[in-house]
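Listed here are the chains, written in short residue letters.
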Amino acid sequence: MSLITPDSGLIIWMTLIFGIVFFLLARFGFPMISGSVKARSEKISESLRQADEARAQLASIAQEQQKMMEEARREQAALLREASEARDAMIAEAKAQAGAEAEKIIADARERIASERENAMRDIRRQVAILSMDVAEKVLRKDLSDDQEQIQLIDRLLDEISERKTGNPS
Amino acid sequence: MKKLRLIFVALLALLPLSLRAEEEFDMQSFIFGHIGDSYEWHITEIKGKPVSIPLPVIVHSKTSGWHCFLSSKLEEGEYQGLHIAPAGSKYEGKVVETAADGSEIRPFDLSITKNVLGLMFNSLLVVVLILGCARWYRRHDALQEAPTGITGAVEMLVASITNDVIKEAVGKDYEKYAPYLLTAFFFILINNIMGIVPFFPGGANVTGNIAVTLVLAVFTFLMVNLFGNKHYYKDIFWPDVPVFLKAPLPIMPLIEILGMFTKPFSLMVRLFANMLAGHIMILCAVAIIFLTAALGPLLNGSLSLIAVLFGVFLDCLEFLVAFLQAYVFTMLSSIFIGLAHQEPEPE
């Protein structure tokens, strides 16, 4: 049966034809197609990778932005706090200064008042002493025998003195 | 749709009438005429006269040297001392010469027969198809655009065969073998599909011919064994088995060497038998129409309808098988090549 006995002529032709087809396709056909397909799939995977990277970058940028905003907010809060602290400190200082000034003024005033009073007292004491001296002089000058007269005299003297004091203050 | 069905039925009803003239249907010559090789390409018969394309007969006889003529010269009988061996002869259907003692001698036959012409045409088709696609890539920037149409289909096939079959089965240096395996795939695929096409230039039973599958198997054999690595040959000649299985009598090496040949042999037989069986099945389905012609118009008509439906089913099946066998041949070749490149397992 010729069905299962390979025909030598057909074998030769087949070898020749398949060899030529193989040569042509392996030389000019498939490397071109496979190469292009491979290049394209590589490009696609590369693009995907790049997209992924870009997405990650974007996410990190957003994160950074968030961080920056938070930092800014924190800084702002810190600045505000610092400012308020400075203000408080200034106010407190001013208050302290004002207090100290007032204290000083009061102390000064008190001192002055005290010295005035001292002066006044000294004046009064001097006046009194002068008066006493005057009185004593007058008393000594007039020898008095009776008490009545003495008292009258003192009274008169006192009147005199006070009259002089009101009329002509020393 | 209804109109189409009416036309279909009318055609079926006409069939037995037109076939009434044929006396007796010779099933065997019908089938073997279609699946076998021949010196001319029989196309059809008009009014009882065969219409066929004569093909060149090229033979070399030991006694009379080279002969080259058209096969139509052989129709009348002997030409240049050569004739086609009659039925019952050892070389039935082949060109033979008569020796001095009256016996038939077969000269060396390089004729461009039906199968050779079919092979040439289909190969041209494969080359045009693939080189046409390659040209697309040369003219376009594949990074910027994807091909459409036939180029897109071929690209899809190439990519899927490369990635799913060759890369998986062959292993790391698959790129070296991809052109051969892809060539084998497309060659077998186109030849298989053209074998199902019932009219010229299709219809030659190319991949259902054992000489064709033999050559394909030999190519795979060479691809496997020419580039096998050290480990592969060590496994053949000195496999990891107890010493008594290989030392005095090399039983295992013999089995392994046999295995080298059985693998491509199975490839050869699988493709051949599948395609041949498919062709015979379709032919049988068609033959029902002619076989039942003698049974009367009614029976013949109804059986013809069944035969046509069955034929459509078988054609679809064959289309699937055409793809499947090309795929299987490529896959098994890849696996055999991959087995010849295995690295020894670390111990």
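Residues numbered from 1 in each chain as written. Chains lettered and ligands numbered in written order. Predicted model: local features only at pLDDT ≥ 70, side-chain atom pairs only at ≥ 80, totals over all residues.

J.: What is the right way to look at the overall build of chain A in this model?
T.: A count of helical and extended segments in chain A gives two helices and zero strands. The C-alpha atoms of chain A give a radius of gyration of 64 Å, which is well past the 15 Å a tight globule of 170 residues would have. For chain A, the spread of C-alpha atoms along the three principal axes comes to 200 × 25 × 20 Å. Looking at chain A as a whole, 9% of its 170 residues are labelled buried. (Helix = DSSP H or I, 4+ residues; strand = E, 2+ residues; numbered from the N terminus. Rg over C-alpha atoms; globule rule 2.2 N^0.38 Å. Buried ≥ 20, exposed ≤ 12 C-beta atoms within 10 Å, placed from the backbone.)

J.: Is there a simple way to explain the overall build of chain B in this structure?
T.: Along the backbone of chain B there are nine helices and eight strands. Dimensions of chain B, computed from C-alpha atoms along their principal axes, come out at roughly 75 × 65 × 45 Å. For chain B, the residues scored as buried account for 32% of the 347 residues in total. Contacts in chain B between residues far apart in sequence, at least 24 positions, make up 62% of those at least 6 positions apart. (Contact = placed C-beta atoms within 7 Å.)

J.: Would you mind showing me how to read the sheet that holds strand 3 (residues 56-61) of chain B here?
T.: Hydrogen bonding along the main chain pairs the strands of a sheet, whether they run parallel or antiparallel. Residue and element names in this part refer to chain B. Spatially, three strands are ordered 4-3-8 in an open sheet, and the strand pairing comes out antiparallel. Single-partner strands in this sheet number two, and they are strand 4 (65-70) and strand 8 (108-109). As defined by bridge partners, strand 3 adjoins strand 4 across six bridges and the pair is classed as antiparallel. The residue bridging V57 from the neighbouring strand is F69, located in strand 4. (Pairing = 2+ DSSP bridges.)

J.: Honestly, the environment of R87 of chain A in this entry has me stumped. Any pointers?
T.: Structurally, R87 of chain A is set in helix 1 (residues 8-141). C-alpha separation for the pair R87 of chain A and V128 of chain A, spaced 41 residues apart in sequence, amounts to 59 Å.

J.: Please explain the sheet that holds strand 6 (residues 95-98) of chain B as it appears in this structure.
T.: Residue and element names in this part refer to chain B. Judged by pairing direction, the sheet is antiparallel, and its three strands sit side by side in the order 5-6-7 without closing on themselves. Two strands lie at the open edges of the sheet, namely strand 5 (82-84) and strand 7 (104-105), each paired on one side alone. Summarising the sheet, strand 5 and strand 6 pair through three bridges and their orientation is antiparallel. The partner of I84 across the bridge, within strand 6, is V95.

J.: Hey, could you run me through the interface of chain B and chain A in this one?
T.: Contact residues are listed per partner, giving 39 residues for chain B and 30 residues for chain A. Elements represented by at least two residues in the side of chain B that touches chain A include exactly helix 3 (114-139), helix 4 (149-170), helix 5 (178-196) and helix 6 (210-226) of chain B. Looking at the side of chain B that touches chain A element by element, the count peaks at 13 residues for helix 3 of chain B. Looking at the side of chain B that touches chain A residue by residue, the classes come out as 26 nonpolar, eight polar and five charged. (Nonpolar A, V, L, I, M, F, W, Y, C, P; charged D, E, K, R; others polar.)

J.: How do you make sense of helix 4 of chain B when you look at a structure like this?
T.: Each turn of an α-helix holds 3.6 residues, which means side chains three or four residues apart point in the same direction. All names here are of chain B. The terminal C-alpha atoms of helix 4, which comprises 22 residues, lie 30 Å apart, in line with the 32 Å expected from a rise of 1.5 Å per residue. Its axis deflected by about 35° at T162, helix 4 carries its strongest bend there. After helix 4 finishes, the residue G171 shows a positive phi value of roughly 105°. (Expected span 1.5 Å × (residues − 1). Bend = angle between axes of the 7 residues up to and from the residue.)

J.: Please clarify how the nonpolar core should be interpreted in this entry.
T.: Where a protein is soluble and globular, its nonpolar side chains tend to be buried together. Among the nonpolar cores identified, the biggest contains 68 residues, and M14 of chain A together with I130, I166, Y177 and F185 of chain B are the most heavily contacted of them. Elements represented by at least two residues in this core include exactly helix 1 of chain A together with helix 3, helix 4, helix 5, helix 6, helix 8 (251-291) and helix 9 (297-339) of chain B. Setting aside anything within four residues of it in sequence, one finds I166 of chain B in contact with I161, Y174, Y177, A178, L181 and S334 of chain B. (Core = buried A, V, L, I, M, F, W, Y, C linked by C-beta atoms within 7 Å.)

J.: Just to check I follow, could you spell out the environment of N122 of chain B for this structure?
T.: Residues and elements named next belong to chain B. Considering the arrangement of structural elements, one finds N122 in helix 3. When the C-alpha positions of N122 and A169 are compared, they lie 28 Å apart, and in sequence the two are 47 residues distant. If sequence neighbours within four positions are ignored, N122 has contacts with I190, N191, M194 and V206.

J.: Could you clarify how one ought to interpret the confidence of the model for chain B in this entry?
T.: In low-pLDDT regions, the fine details of the predicted coordinates are not to be read closely. Residues and elements named next belong to chain B. Averaged over chain B, the pLDDT score is 85; the fraction of residues at 70 or greater is 93%. Scored below 50 in pLDDT, residues 16-21 shows six contacts in the model against residues more than four places distant or in partner chains. For this predicted complex, the interface confidence comes out at an ipTM of 0.85, alongside a pTM of 0.74. (pLDDT = per-residue confidence, 0-100.)

J.: Teacher, can you tell me more about the pairing of strand 2 (residues 49-54) of chain B here?
T.: Two faces, one strand: in a regular strand the side chains alternate between the faces of the sheet. Residues and elements named next belong to chain B. In terms of residue burial, strand 2 counts as a barely covered element, since only zero of its six residues are buried. Sheet topology note: the strand 1 (residues 40-46)/strand 2 ladder contains six bridges and is antiparallel. If you follow W41 over to strand 2, its bridge partner there is I53. In textbook terms, the turn of a hairpin is the stretch between consecutive antiparallel strands, and for strand 1 and strand 2 this stretch comprises two residues, one of which, K47, has a positive phi near 55°.

J.: What should I look at first to understand the environment of L119 of chain B in this one?
T.: Of note, L119 of chain B is situated in helix 3. Its 28 C-beta neighbours within 10 Å are what place L119 of chain B among the buried residues. Residues L119 of chain B and G65 of chain B, 54 residues apart in the sequence, show an inter-C-alpha distance of 27 Å. If we ignore the near neighbours within four places in the chain, the residues touching L119 of chain B are W13, M14 and I17 of chain A together with V206 and V212 of chain B.

J.: Just checking my understanding: could you explain the pairing of strand 3 of chain B for this structure?
T.: All names here are of chain B. Adjacent in sequence and paired antiparallel, strand 3 and strand 4 are bridged by three residues. With two bridges connecting them, strand 3 and strand 8 associate as antiparallel partners. Considered in strand 8, the bridge of H60 is made with F108.

J.: Would you take a moment to explain the packing of helix 2 (residues 27-35) of chain B against helix 8 of chain B for this structure?
T.: In a pair of packed helices, the angle between the axes and the distance between the axes together describe the arrangement. Residues and elements named next belong to chain B. The geometry of helix 2 relative to helix 8 is characterised by a closest axis approach of 10 Å and an angle of 140° between their N-to-C directions. Considering their axes alone, helix 2 and helix 8 lie oblique with respect to each other. Crossing handedness for the pair helix 2 and helix 8: right-handed. In this structure, helix 2 uses M27, F30, I31, H34 and I35 to contact helix 8, whose residues at the interface are L276, H279, I280, L283, A287 and L291. Among the residues making up the contact of helix 2 with helix 8, the classes are represented as nine nonpolar, two polar and no charged. (Axes fitted to C-alpha atoms, helices over the stretch in contact; angles between N-to-C directions. Parallel < 35°, antiparallel > 145°, perpendicular 65-115°, else oblique. Left-handed = near helix turned anticlockwise from the far one by under 90°.)

J.: I keep staring at the packing of helix 7 (residues 230-237) of chain B against helix 8 of chain B and nothing clicks. Help me out?
T.: All names here are of chain B. Orientation of helix 7 relative to helix 8, taken along the N-to-C sense of each, is 125°, at an axis distance of 7 Å. If you check the angle between helix 7 and helix 8, you find them oblique. Between helix 7, through D235, I236 and F237, and helix 8, the contact on the second element is made entirely by P253, E256, I257 and M260. Each residue belonging to the contact of helix 7 with helix 8 can be placed in one class, and the counts come to five nonpolar, no polar and two charged.

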